[in-house]
Amino acid sequence: MISPADFVQIPLDDWVNSFVRDFLVPNFRPAFRAMQVPITEVLARIDSFFHWLPMLVFTVGLTLIADRTAGRGVALFTLVALIFIDMIGLWAETMTTLSMILTSVFFCAVIGIPLGIWSARSDRVLLVVRPILDIMQTIPSFVYLVPIVMLFGVGMVPGIIATIIFALPPIIRLTNLGIRNVRADLIEAAEAFGSTRWQMLWEVQLPLALRTIMAGLNQTLMLALSMVVIAALIGAGGLGLTVYTGLGRLNVGAATTGGIGIVLLAIILDRITQSLGEKKGVQTPSLWQSLRSLFSAGKADAGAQSGKPA
Amino acid sequence: MKPKIRVEGVYKIFGEDPKGALDALKSGKSKIEIFEETGQTVGVQDVSFEVGEGEIFVVMGLSGSGKSTLVRTFNGLIPPTSGKILIDDDDVASCSAERLRKIRREKITMVFQHFALFPHKTVAENVAYGLKIKGEGAASRRKKALAALEQVGLAAYADSLPGELSGGMQQRVGLARGLATDPQVLLMDEPFGALDPLIRREMQDELLHLQKILKKTIIFITHDLNEALLLGDKIAIMKDGRFVQVGTAQEIVDNPADDYVAAFVADIDRGRVFEASHVVADPVTVEQHEKGAAEKALQLMEEHNRNALYVVDDQKVAGLVTYQELAVAAREEGRTDLAEVMVTDVPVVDQDTPLNELYGAASAGHPIAVTDKRGRLTGVIEVEAVFSQLSGDASEDEYEDEDEATEDGSTPPAEEKATDTAQGGTPR
Ligand SMILES: Nc1ncnc2c1ncn2[C@@H]1O[C@H](COP(=O)(O)OP(=O)(O)OP(=O)(O)O)[C@@H](O)[C@H]1O
Ligand SMILES: [Mg+2]
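Residues numbered from 1 in each chain as written. Chains lettered and ligands numbered in written order. Predicted model: local features only at pLDDT ≥ 70, side-chain atom pairs only at ≥ 80, totals over all residues. Heavy atoms only, no water.

1. Section: the overall build of chain B
Now for step 1: Tallying secondary structure elements over chain B gives 20 helices and 16 strands in all.
Now for step 2: In terms of overall dimensions, chain B is more spread out than a globule: its C-alpha atoms have a radius of gyration of 28 Å, far above the 22 Å expected for 428 residues.
Now for step 3: With the C-alpha coordinates of chain B rotated into their principal frame, the extents come out at 85 × 55 × 50 Å.
Now for step 4: Per-residue burial for chain B yields a buried fraction of 49% across its 428 residues.
Now for step 5: Put simply, of all contacts in chain B between residues at least 6 apart along the chain, 66% involve residues at least 24 apart.
Now for step 6: Working note: accessible area of chain B is about 20,200 Å², and carbon and sulfur atoms make up 48% of it. (Helix = DSSP H or I, 4+ residues; strand = E, 2+ residues; numbered from the N terminus. Rg over C-alpha atoms; globule rule 2.2 N^0.38 Å. Buried < 20%, exposed > 50% of the residue type's maximum accessible area, 1.4 Å probe, protein only. Contact = heavy atoms within 4.5 Å. Areas by Shrake-Rupley, 256 points an atom, 1.4 Å probe, with all protein chains shown as cover.)

2. A short note on unusual backbone geometry
Residues and elements named next belong to chain B.
Now for step 1: Even without being glycine, Asn 305 reaches a positive phi, approximately 60°.
Now for step 2: Examined against the element boundaries, Asn 305 turns out to sit in the loop between helix 14 (293-304) and strand 12 (308-313).
Now for step 3: Its relative accessible area of 34% is what places Asn 305 among the partly exposed residues.
Now for step 4: For Asp 314, which is not glycine, the phi dihedral falls at a positive 55°.
Now for step 5: The topology assignment puts Asp 314 in the loop between strand 12 and strand 13 (316-322).

3. Points about the site of ligand 1
Residues and elements named next belong to chain B.
Now for step 1: Looking at ligand 1, there are 13 residues lining it, with Ser 63, Gly 64, Lys 67, Ser 68 and Thr 69 nearest.
Now for step 2: Here an oxygen atom of ligand 1 and a side-chain polar atom of Ser 63 are 2.5 Å apart.
Now for step 3: Here an oxygen atom of ligand 1 and a backbone polar atom of Gly 64 are 2.7 Å apart.
Now for step 4: Burial of ligand 1 by the protein amounts to 60% of the accessible area it has alone, namely 630 Å².
Now for step 5: Counting only elements with at least two residues in the shell around ligand 1, the list comes to strand 2 (41-51) and helix 3 (67-74).
Now for step 6: No other element matches helix 3, which puts 3 residues into the shell around ligand 1. (Near = heavy atom within 4 Å. Polar contact = N/O pair within 3.5 Å; in protein donor to acceptor, adjacent residues only side chain to side chain.)

4. Some remarks on the sheet that holds strand 10 (residues 242-247) of chain B
Residues and elements named next belong to chain B.
Now for step 1: Within the open sheet, the 6 strands sit side by side as 6-7-8-3-9-10. Their pairing is mixed. In this open sheet, the two strands that pair with only one neighbour each are strand 6 (108-111) and strand 10. Shown here is a sheet whose adjacent strand axes are inclined to one another by a mean of 20°, direction ignored.
Now for step 2: Sheet topology places strand 3 (residues 56-61) next to strand 8 (residues 217-222); 5 bridges connect them, and they run parallel. If you follow Met 60 over to strand 8, its bridge partner there is Thr 222. (Pairing = 2+ DSSP bridges. Axes fitted to C-alpha atoms, helices over the stretch in contact; angles between N-to-C directions.)

5. Topic: the packing of helix 7 (residues 156-180) of chain A against helix 9 (residues 197-226) of chain A
All names here are of chain A.
Now for step 1: It is at 7 Å that the axes of helix 7 and helix 9 come closest, and there the two elements cross at 155°. It follows that helix 7 is roughly antiparallel to helix 9 by the angle criterion. For the crossing formed where helix 7 meets helix 9, the hand is right-handed. (Parallel < 35°, antiparallel > 145°, perpendicular 65-115°, else oblique. Left-handed = near helix turned anticlockwise from the far one by under 90°.)

6. Points about the domain arrangement of chain B
All names here are of chain B.
Now for step 1: According to the domain assignment, chain B contains domain 1 (1-107 + 184-205 + 212-270 + 396-428), domain 2 (116-182) and domain 3 (280-381).
Now for step 2: Listed by partner, the interface residues are 13 residues for domain 1 and 12 residues for domain 2.
Now for step 3: Where domain 1 abuts domain 2, roughly 1,000 Å² becomes buried across the two surfaces, and 63% of that area is made up of carbon and sulfur atoms.
Now for step 4: Area buried by domain 1 at its contact with domain 2 is led by Arg 105, Leu 186 and Met 203, which between them contribute 44% of it.
Now for step 5: Taken together, domain 1 and domain 2 are joined by 2 salt bridges.
Now for step 6: Arg 172 is paired through a salt bridge with Glu 202; the nearest N and O atoms lie 2.9 Å apart.
Now for step 7: Of all the secondary-structure elements, those providing two or more residues to the side of domain 1 that touches domain 2 are helix 4 (97-106), strand 7 (185-189) and helix 9 (197-214).
Now for step 8: Broken down by element, the side of domain 1 that touches domain 2 gets its largest block of residues, 4 residues, from helix 9. (Domains from an automatic or database assignment. Buried area = accessible area lost by both parts, 1.4 Å probe. Salt bridge = Lys/Arg side-chain N within 4 Å of Asp/Glu carboxyl O.)

7. Focus on the packing of helix 2 (residues 55-70) of chain A against helix 4 (residues 91-121) of chain A
Residue and element names in this part refer to chain A.
Now for step 1: At a minimum axis distance of 12 Å, the contact between helix 2 and helix 4 shows a crossing angle of 55°. Accordingly, the angle class assigned to the pair helix 2 and helix 4 is oblique. Two packed elements cross with a definite hand, and for helix 2 against helix 4 that hand is left-handed. Of helix 4, the residues touching helix 2 (which contributes Met 55, Phe 58 and Thr 59) are Trp 91, Met 95 and Leu 98.
Now for step 2: Here the residues of the contact of helix 2 with helix 4 are counted per class, giving 5 nonpolar, 1 polar and no charged. (Nonpolar A, V, L, I, M, F, W, Y, C, P; charged D, E, K, R; others polar.)

8. Observations concerning helix 9 of chain A
At 3.6 residues per turn, the α-helix brings residues three or four places apart onto the same side.
Now for step 1: The terminal C-alpha atoms of helix 9 of chain A, which comprises 30 residues, lie only 37 Å apart, well short of the 44 Å expected from a rise of 1.5 Å per residue.
Now for step 2: At Leu 210 of chain A, helix 9 of chain A shows its largest bend, some 55°. (Expected span 1.5 Å × (residues − 1). Bend = angle between axes of the 7 residues up to and from the residue.)

9. Here's the deal with the interface of chain A and chain B
Now for step 1: The interface of chain A with chain B comprises 17 residues on the first partner and 23 residues on the second.
Now for step 2: Summing both partners gives a buried area of about 1,800 Å² for chain A against chain B, and 61% of it is carried by carbon and sulfur.
Now for step 3: Between chain A and chain B we count 4 salt bridges in total.
Now for step 4: The partner of Glu 203 of chain A in a salt bridge is Lys 121 of chain B, with the nearest N and O atoms 2.5 Å apart.
Now for step 5: Applying the counting rule to chain A against chain B returns 9 residue pairs in polar contact (both at pLDDT 80 or more).
Now for step 6: If you list the elements that add at least two residues to the side of chain A that touches chain B, you get helix 8 (184-192) and helix 9 of chain A.

10. Points about the nonpolar core
Now for step 1: Phe 58 and Leu 225 of chain A are the most contacted members of the largest nonpolar core, which has 74 residues in total.
Now for step 2: Looking at this core, the element that brings in the most residues is helix 7 of chain A, giving 11 residues.
Now for step 3: The contact partners of Leu 225 of chain A, leaving out residues within four places of it in the chain, are Ile 101, Ile 262, Leu 265, Ala 266 and Leu 269 of chain A.
Now for step 4: Grouped together as the second largest cluster of nonpolar side chains are 62 residues, Phe 115, Leu 131, Met 188 and Val 386 of chain B included. (Core = buried A, V, L, I, M, F, W, Y, C linked by side-chain atoms within 4.5 Å.)

11. Side note on the packing of aromatic side chains
Now for step 1: In this structure the tally under the stated criterion is 16 aromatic pairs over all chains.
Now for step 2: Against the face of Tyr 11 of chain B rests Lys 26 of chain B, its NZ or CZ located 5.0 Å from the ring centre. (Phe/Tyr/Trp six-rings, centres within 6.5 Å; stacked < 30°, edge-to-face > 60°. Lys NZ or Arg CZ within 6 Å of the ring centre and 35° of its normal.)

12. Describing the pattern of salt bridges
Residue and element names in this part refer to chain B.
Now for step 1: One pass over the full model with this rule turns up 31 salt bridges over all chains.
Now for step 2: When the shortest N-O distance is used, the salt bridge between Lys 2 and Asp 89 registers 2.6 Å. Of the two residues, Lys 2 sits in the segment before strand 1 (5-14) while Asp 89 sits in the loop between strand 4 (82-87) and strand 5 (90-91), which places them 87 residues apart along the sequence.

13. So, the sheet that holds strand 1 of chain B
Residue and element names in this part refer to chain B.
Now for step 1: With respect to topology, 4 strands assemble into an open sheet ordered 2-1-4-5, the strand pairing being antiparallel. This sheet does not close on itself; its edge strands, each paired only once, are strand 2 and strand 5.
Now for step 2: Pairing analysis gives 2 bridges linking strand 4 to strand 5, with the strands arranged antiparallel. What sits directly across from Ile 87, in strand 5, is Asp 90.

Listed below in structure tokens is the structure:
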């Protein structure tokens, strides 16, 4: 059979290789290295804080937070889950993973919220941002691991950079959406009273978009968690590494415990951040919806049972 | 006096090519033709008018006639395609963004059809919004917000959220928010449009009451002609983006500019539009204690073709004598004392009484006395004048008194009639 490749062959792989190796790396390596500095700094602070914090203090603290935001059930779950994680010997790894995720989410918020606001205020910006977000969300994360390694090396920080790229789109999208969906008559009213753009943003748009932005933050957090194992491929530590090495050595036990740690952490963080947005009554879909619905079904049961004797 | 707002040749065209549509419009094409040919929507065309300080100017028109578009050009929410909008000396259409913001903060506020209250702020915070934007301190903001809420009777709800209030209450908050910065001009875009009729009536009265105290310059948008007639010192009727008629309620009802306006006013309650002052005639009176008053009264009635006459005592209404009774008394008894035949229980109204409140007074069949605040007789309303005004016959028409005089003269005075029926009623 004749195929187009018999006549013309496109050496795309060579092109990309030479672009990254001969152009990006030699010319921009220092710039890329410099980009790591703030991440390294933030990570170091968060990481050393969580490793310094005694397990019991952390557990009690997070349980209380869960109680205040998401209610009794989630608080109880948090308490049990954290004790369980400690008992299966993964406390340190969990703290490492948590620091990594919080650092990623921190940078996603710092980059994503302003970018979302900007795209909401200018159609032209959105026109540029939207296709980039589409590409970011369609490229499988494995694909950009290699250029990241070439540009940033291996280790925790490159892992976080990969996580940021992967988890950034929802917070931008939902910030943009939240602000654009603020009722037009409220914008008009704010304008009619002589608000400046900043006052409009601060007094009206952000407060009214807060729920949607929180939903975006929740999705970003969940995406960051789902990158934990992949980030371990390029040298990030924590629970991801436990799973990864477990798989590599066919140590099913280690891989499973690592996996359970990730799931438990994910449920706790999801429930808490979800309830922050939900406080004012908004439901958002997330990766862990099925898990959550399982969990809330259990809670409803418990409620029914405790209701009977009363 | 210099007008507070002066609007000159304002056009607003929505679409990509407003200038082209503007030229087409000026060359005489209609709104529909322009839309079909160019796809541009004419929002407002060639609107000019003036509003004096403290006046309520009402713009009335059907849905899509361009009212909202027009009113939004006054505070720059929609920039006009061409034309001038002068508020005092500032042209809102061409001033800088900075200047426009200052005008919005200090001079002109807006009340919206669907209230547009900020759902995340309390009622007091909503009301204080304009003050916050201006940079006032929290304490004085709160104080002024409470004062504004007091004016609309909602001080007790200061710390509720708007969502907890009924529609009528929410619009009171909207009004308080508009008033809190003490603006000179208030724009109201169908502010009562979303309220049910009863609440609506209440709010209209409240607005009129507030306006008596506050004396703002108000541009009020409505699609309800009754509301327009009730509130407007001046009313503009808008159709397809242009003013088809501007005038007082009475002018519009009495002399509709074209069939479109005529169709509107056809089933209007004229009794609410016109007031006693529109049908009043100069009084013909006699002094009660004058010498020969009775003869003079008879003579005056003959001269002026009246069948009743008011008797005054030092300019105050003393009573009324009818020709018939006076003539009978004079002929048969030769008496000339007016007091003997005078009816003292006479209908008395003031200048501003709407005609529909005169029905009761008119039913007695006597002319109605119009007095000023101190009770002095300033005019007399003939019953026929009331009904001819209500029925819409040109008010200039002089009614023929001759026939009616005899007819009326032969009927017993209403007071007697009333007593008769009352007496007739008791035995049953
Ligand atoms: N942003 C816009 N873009 C295009 N056309 C518009 C826009 N706003 C208004 N129009 C058009 O301008 C015309 C006038 O609209 P406007 O909203 O001023 O009418 P209205 O008299 O306030 O009607 P209603 O009583 O329904 O509020 C309509 O034909 C409308 O379709
Ligand atoms: Mg409108």
